[in-house]
Amino acid sequence: MGEGPRRQRGPRGPPSPGGGHGVGKAAGTGARELTTEGQGARRDEGRSREGAVRMVRRSRRRKLQKVTGLCGGEEGLRVKRSCPSCGPEPGGEEKKERGNPISVQLFPPELVEHIISFLPVRDVMALGQTCHYFHEVCDAEGVWRRICHRLSPRLREQGSGVRPWKRAAILNYTKGLYFQAFGGRRRCLSKSVAPLLAHGYRRFLPTKDHVFILDYAGTLFFLKNALVSSTLGQIQWKRACRYVVLCRGAKDFASDPRCDTVYRKYLYVLATREQPGVVGTTGSRACDCVEVYLQSSGQRVFKMTFHHSMSFKQIVLVGQETQRALLLLTEEGKIYSLVVNETQLDQPRSYTVQLALRKVSRCLPHLRVACMASNQSSTLYITDQGGVYFEVHTPGVYRDLFGTLQAFDPLDQQMPLALSLPAKILFCALGYNHLGLVDEFGRIFMQGNNRYGQLGTGDKMDRGEPTQVHYLQRPVALWCGLNHSLVLSQGSDFRKELLGCGCGSGGRLPGWPKGSASFVKLHVKVPLCACSLCATRECLYMLSSHDIEHHPTYQDLPASRVVGTPEPSLGAGASQDPGGTARACEEYLSQIHSCPTLQDRMEKMKEIVGWMPLMAAQKDFFWEALDMLQRAAAGVGPGPPTPES
């Protein structure tokens, strides 16, 4: 009763003569006729386009048949999907009536390699794992040479190594510099501009305003921060969005070793330059030199050249600006040093500096130093046999590192101190007053000041000698800052994650603003091929590059050396550590029981999950479950999961 009349659509009939409705129907019929004509024209155009495409495909098929010399019968050319080495193709008996398939091995190898070279690198690697034939084809240097030319058209030399073209292609495919700002609204991972001329990324260094990247060809790139226009037409400040070539022939570079980039005013570049020969001789000689550039503009302000008989491979800085010491490592493993005054580098004058042999090479001539690291007041040397020697130049840092001033001599600050370690050391990280070491079995040892928990030992007690962090094994990279530490680790599923400990103020530990005395997983998306990292006051940087010939190979820890700690290898279980896991769980329970409130127990449980040798997915599950329980206990609804979680 209350409803109005409904409008029903009946069968369409002929237009009625006269009346307004009849006129409207006639007009609508004319519009439909025009629309039908337009659709017919478009349909004809589409048919002609499809016919042209079929003609092109037919001509390509004929050319392919001429090249290969293969021609099918009535069924046409059909390629067998599996190679003979993998056995007969499933369902082959049913397909005999359709025609005889042609094996892919009958194609010329050059043609197959040419086709495969157009695939992405990820697909080439996946195709090489299907069968033995495709493994050999996808692993051929001809395929990787074409892929390398496609990725880096300006690369003419394949480089060095056993597999030079494959190494060069993978280096250029995986190269990338990623950064995440600690402050601001957008706290997501961004990628810098990728120089087309770069042959992979070997190492990088952020300065006050810009970022410098050294590639495997010895080219040093200058990545600038600039104002750019966004997609919405807004002008915004963007990091590392422009690049120029600073210099070529570079071996290494360094700047002020302090963590604060404000002090990095100059960039010291160790390079090789051609020098004209002496009078009476023809030709030129290659000599090593150190060139000093302003980091703000890239202008060269100073240059010092060494004798052609001396060849260096690494440079580090130590000391204050007025007494800046340059430490140079030779190819023979000797350390030389010279002192410059940075406050006078921009003055247009020339003077002579004295290059002297460092005391560690004078007192211990039998040692061959493999690499070195430095900060403002200390230097660390790693020998080719895995030994570690220390130079400490200030009493305060000496007390933080060793807990005493008993052996410190202010009159002989270059005297090397040997660290007692149970195994060979592969690489290290040196902070202001703490350090980290990684041995050949993948174990991490921390030493020094632990006021903010930057050693990751679970407490805030200083360590005067190397102390093992038992719950971390086989890191990819290690970095020590002013009062926090970062570890780049890789799980059994080859996914990488970033762990951190220490002070969390200023956002330097994303997801943990209060910091942590143990290594916890940070809310950072880590690239698949990340290999090194560093952090400044404003930003976190990660370098992505994969070198198939240079990667840390850890050894399995012998069973005789396992003392209550889990085996670092992936296949280790409780059989090699019968009592360590139970004792560790008891210690975890006692720590949880000592927490006064429920919220503190939840936070302690999150830290314990980070300590346990679990897979990345398992840790994420436990952390998310604990967050849900913590929000429920606080009276807050669960809500949707955040992107960071």
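Use the structure listed above.
Reading the values: rules and limits
- Counting of residues starts from 1 at the beginning of each chain's written sequence and follows it residue by residue.
- Since the coordinates come from a predicted model, pLDDT governs what is reported: local features require at least 70, and pairs of side-chain atoms require 80 or more to be given and counted, while whole-chain, interface and lining totals use all residues.
- Neither water nor hydrogens contribute to the side-chain values; these are computed over all heavy atoms in the structure.
- Runs of E in the DSSP output that reach at least two residues are strands. Runs of H or I that reach at least four are helices, and both are numbered from the N terminus.
- Only heavy atoms enter the contact rule, under which two residues are in contact if any of them lie within 4.5 Å.
- Areas reported here follow the Shrake-Rupley algorithm with a probe of radius 1.4 Å; residue values treat only the protein chains shown as occluding.
- In this analysis, axes come from line fits to C-alpha atoms, helices being fitted only over the stretch in contact, and the angle between any two N-to-C directions falls in the range 0 to 180 degrees.
- Each crossing gets its handedness from the near helix: less than a right angle anticlockwise from the far helix is left-handed, clockwise is right-handed.
- Under the grouping applied here, Gly and all other residues not named as nonpolar or charged are polar, the nonpolar ones being Ala, Val, Leu, Ile, Met, Phe, Trp, Tyr, Cys and Pro and the charged ones Asp, Glu, Lys and Arg.
- If DSSP finds at least two bridges between two strands, the strands pair.
- Per-residue accessibility, obtained with a 1.4 Å probe over protein chains only, is compared with the maximum for each type, and a residue is labelled buried under 20%, exposed over 50%, and partly exposed between these values.
- Helix span, as expected, comes to 1.5 Å for every residue beyond the first.
- What counts as a ring pair is set by centres within 6.5 Å for rings of Phe, Tyr and Trp (its six-membered ring), and what kind of pair is set by the plane angle: stacked under 30 degrees, edge-to-face over 60, tilted for all other angles.
- Residues enter a nonpolar core if they are buried and are Ala, Val, Leu, Ile, Met, Phe, Trp, Tyr or Cys, with the set joined through side-chain atoms within 4.5 Å.
- As used in this structure description, the phrase polar contact means that two N or O atoms lie within 3.5 Å; if the pair is within protein, one of them must be able to donate a hydrogen and the other to accept it, and residues adjacent in sequence are counted only when both atoms belong to side chains.
- His residues and chain termini do not enter the charge count, which takes Lys and Arg as positive and Asp and Glu as negative.
- Only one rule defines a salt bridge in this text: a Lys or Arg side-chain nitrogen within 4 Å of an Asp or Glu carboxyl oxygen.
- Read the arc as the range of directions from the helix axis to the C-beta atoms.

K.L.:
Honestly, the overall build of the chain in this entry has me stumped. Any pointers?
P.N.:
Counting its regular elements, the chain contains 11 helices and 30 strands. By sequence separation, contacts in the chain at least 24 residues apart represent 48% of the contacts at least 6 residues apart. Put simply, the chain shows about 35,700 Å² of open surface, and 54% of that area lies on carbon and sulfur atoms.

K.L.:
Any chance you could explain the packing of helix α5 (residues 141–151) against helix α6 (residues 164–174) here in plain terms?
P.N.:
The relative placement of two packed helices is expressed as an angle between their axes plus a distance between the axes. Put simply, α5 and α6 touch, their axes get as near as 8 Å, and they point 35° apart. For the pair α5 and α6, the sense of crossing is left-handed. Taking contact as the criterion, the partners of Glu141, Trp144, Arg145, Ile147, Cys148, His149 and Leu151 in α5 are, on α6, Pro164, Trp165, Lys166, Ala168, Ala169, Ile170 and Tyr173. Considering only residue class, the contact of α5 with α6 consists of 10 nonpolar, 1 polar and 3 charged.

K.L.:
It is not clear to me how the pairing of strand β10 (residues 266–276) should be interpreted in this structure. Could you clarify?
P.N.:
Side chains on a regular strand alternate between the two faces of the sheet. Sheet topology note: the strand β9 (residues 250–254)/β10 ladder contains 4 bridges and is antiparallel. By the bridge assignment for β10, aspartate 252 is matched with leucine 270. Two elements, β10 and strand β11 (residues 284–294), share 11 bridges in a ladder whose sense is antiparallel. Counterpart to arginine 273 in the pairing with β11 is cysteine 287.

K.L.:
What is the right way to read unusual backbone geometry from this model?
P.N.:
What is expected of a backbone is that most residues other than glycine have negative phi and most peptide bonds are trans. At arginine 474, a residue that is not glycine, the phi angle is positive and equals roughly 50°. Within the secondary structure, arginine 474 is located in the loop between β24 (463–473) and β25 (475–480). You can call arginine 474 partly exposed: its relative accessible area is 23%.

K.L.:
Where do I start with the packing of helix α2 (residues 109–116) against α5 in this structure?
P.N.:
At a closest axis distance of 9 Å, the pairing of α2 and α5 adopts a crossing angle of 35°. Judged by the twist between their axes, the crossing of α2 over α5 is right-handed. Residue-level contacts link Glu113, His114 and Ile116 of α2 to Gly142, Val143 and Arg146 of α5.

K.L.:
Hey, could you run me through helix α10 (residues 598–611) in this one?
P.N.:
An α-helical segment advances 3.6 residues per turn. Residues three or four places apart therefore align on the same side. Look at α10: 20 Å from first C-alpha to last across 14 residues, which is about the 20 Å you get at 1.5 Å a residue. The set of residues buried in α10 consists of Met602, Lys604, Lys606, Glu607, Ile608, Val609, Gly610 and Trp611.

K.L.:
Can you walk me through the packing of aromatic side chains in this structure?
P.N.:
Here the distance between the centres and the angle between the planes together describe a pair of aromatic rings. Scanning the model with the defined rule gives 11 aromatic pairs in all. Summarising the aromatic geometry, the rings of phenylalanine 204 and tyrosine 541 are spaced 6.2 Å apart at their centres and angled 50° between planes, so their arrangement reads as tilted. In this pair, phenylalanine 204 sits in strand β5 (residues 203–206) while tyrosine 541 sits in strand β30 (residues 539–544), placing the two residues 337 residues apart along the sequence. Per residue, the accessibility class of phenylalanine 204 equals that of tyrosine 541, and both read buried.

K.L.:
Please explain the nonpolar core as it appears in this structure.
P.N.:
Most often, soluble globular proteins keep nonpolar side chains buried together rather than apart. In terms of nonpolar packing, the biggest core is built from 31 residues, with Leu177, Phe204, Leu486, Leu498, Leu522 and Leu533 touching the most fellow members. Examining the composition of this core, we find that 5 residues originate from one element, β30, more than from any other. What leucine 533 contacts, discounting residues up to four positions off in sequence, is Phe204, Ala477, Trp479, Leu486, Leu488, Leu498, Tyr541 and Met542. Within the second largest apolar cluster, 22 residues are counted, among which are Val104, Phe107, Val137 and Cys138.

K.L.:
What am I meant to see in the sheet that holds strand β27 (residues 496–502) here?
P.N.:
Strand pairing in a sheet is mediated by backbone hydrogen bonds. Such pairs are either parallel or antiparallel. Overall, antiparallel pairing links the 4 strands, which are arranged β25-β26-β27-β28 in an open sheet. Both edges of this open sheet fall to β25 and β28 (516–521), since each of them pairs with a single strand only. Recorded for the sheet is a direction-independent mean angle of 15° between the axes of neighbouring strands. Relative to strand β26 (residues 484–490), β25 is paired through 5 bridges, and the arrangement is antiparallel. Within β26, the position partnered with alanine 477 by the bridge is leucine 488.

K.L.:
I'm lost on the side chain of aspartate 256 in this one. Help?
P.N.:
For aspartate 256, the position within the fold is in the loop between β9 and β10. A polar atom in the side chain of aspartate 256 sits 2.6 Å from the side chain of arginine 324. In this structure, aspartate 256 is in contact with Tyr263, Arg264, Leu317, Glu321 and Arg324, ignoring residues within four places of it in sequence.

K.L.:
Can you walk me through the sheet that holds β11 in this structure?
P.N.:
Strand order in the open sheet formed by 4 strands is β9-β10-β11-β12, with antiparallel pairing between adjacent strands. Two strands bound the open sheet, and with one partner strand each, they are β9 and β12 (300–305). Each adjacent strand pair in this sheet contributes to an overall mean axis angle of 30°, direction not counted. Here β11 runs beside β12; their pairing, made up of 5 bridges, is antiparallel.

K.L.:
When you look at the side chain of lysine 175 in this model, what are you seeing that I'm missing?
P.N.:
Within the secondary structure, lysine 175 sits in the loop between α6 and β3 (176–181). Although buried, lysine 175 forms no salt bridge, and the nearest oppositely charged side chain, aspartate 215, lies 7.4 Å from it. Among the polar contacts listed, one links the side chain of lysine 175 to the backbone oxygen of proline 195, at a separation of 3.2 Å. Apart from the residues within four sequence positions on either side, lysine 175 is in contact with Lys191, Pro195, Leu196, Ala198, Gly200, Tyr201 and Ser544.

K.L.:
How do you make sense of α5 when you look at a structure like this?
P.N.:
Those residues of α5 not exposed but buried are Val143, Trp144, Ile147 and Cys148. Taken down its axis, α5 places every buried residue within 130° of arc, on the same side. Where α5 is buried, its residues meet α2, α3 (121–127), α4 (132–138) and α6.

K.L.:
Looking at this structure, I do not really get the pattern of salt bridges. What am I missing?
P.N.:
Side-chain pairs of opposite charge can arise where the charged atoms are in close proximity. Going through the model one piece at a time under the given rule, you end up with 19 salt bridges. The shortest N-O distance in the salt bridge between arginine 324 and aspartate 256 comes to 2.6 Å. Of this pair, arginine 324 sits in strand β14 (residues 324–330) while aspartate 256 is found in the loop between β9 and β10, placing the two residues 68 residues apart along the sequence. Just as arginine 324 is buried, aspartate 256 falls in that class too. Here the salt bridges do not stand alone but share partners, grouping Asp256, Arg258, Glu321, Arg324 and Glu342 into one network.

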